[in-house]
Amino acid sequence: MPKMTDGKKKHYHQGHDIKSLLINLATLFLFVLPFALYFDGESNGINYICVVAGSFVLAFLAPPVGMLRPHVYSDFPWNKPFPRRD
């Protein structure tokens with residue numbers, strides 16, 4: 001029976017690169033927006049909408065820095081996923 005670990009601990013990438021965090025933050029702002037608009041009234045509504053729009057623009061423009069996940073359509077041969085074993 002093969003050994004499950006070879007003594008070395010592999011680093012598992014959990015998706016905490018800057019682009020993923022910006023997308024999560026922008027989505028959080030989007031979900032909080034209706035509550036902020038409801039409870040604050042009309043005084044800062046346009047400011048809240050600008051913050052949400054700006055956060056999505058920032059998340060869209062941020063380059064994917066950090067660890068690259070294996071991707072099927074990658075140009076790098078080292079970034080291709082391993083084929084499935086059936």
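Check the entry above for the structure.
Here, residues in each chain are numbered from 1, in the same order as that chain's written sequence. For a predicted model such as this one, the threshold for reporting local features is a pLDDT of at least 70, and the threshold for listing and counting side-chain atom pairs is 80 or more; totals across whole chains, interfaces and linings nevertheless cover every residue. Side-chain calculation: all heavy atoms of the structure are included, whereas hydrogens and water are not.

> How would you sum up the overall build of the protein? Please name residues and give values.
Of the regular secondary structure elements, the protein holds two helices and zero strands. Long-range contacts, defined as pairs at least 24 residues apart, comprise 48% of the intrachain contacts of the protein with a sequence gap of at least 6. To be clear on the numbers: accessible area is Shrake-Rupley with a 1.4 Å probe, and residue cover counts the displayed protein chains and nothing else. Within the structure as shown, the protein displays about 8200 Å² of accessible surface, and the carbon and sulfur contribution to it stands at 68%. Think of it this way: any DSSP run of H or I at least four residues long counts as a helix, any run of E at least two long counts as a strand, and we number them from the N terminus. Contact criterion: two residues are considered in contact whenever any of their non-hydrogen atoms come within 4.5 Å of each other.

> Let's hear about the packing of aromatic side chains: which residues, and what values?
Stacked, tilted and edge-to-face are the three classes applied to pairs of Phe, Tyr and Trp rings, where Trp contributes its six-membered ring and a pair requires centres within 6.5 Å; stacked means planes under 30 degrees apart, edge-to-face means over 60, and tilted covers the rest. Counting across every chain of the model gives one aromatic pair. Judged by centre distance (5.0 Å) and plane angle (80°), the ring pair of Tyr38 and Phe39 falls under edge-to-face. Comparing Tyr38 with Phe39, the two get one shared label, exposed. Each residue is assigned to one of three classes by its accessible area relative to the maximum for its type, calculated with a 1.4 Å probe on protein chains only: buried under 20%, partly exposed between the two thresholds, exposed over 50%.

> Kindly report on helix α2 (residues 45-61), identifying the contributing residues and their values.
Between the first and last residue of a helix there are one fewer steps than residues, each counted as 1.5 Å, and that sum is the expected span. Its 17 residues place the ends of α2 24 Å apart at the C-alpha level, agreeing with the 24 Å of an ideal helix rising 1.5 Å per residue. Among the residues of α2, Gly45, Val52, Ser55 and Ala59 are the ones counted as buried. All buried residues of α2 fall inside an arc of 100° around its axis, so they share one side. When the buried face of α2 is taken as reference, the exposed residues oriented beyond 90 degrees from it are Ile46 and Leu61. Working note: the arc is built from the helix axis to C-beta atom directions.

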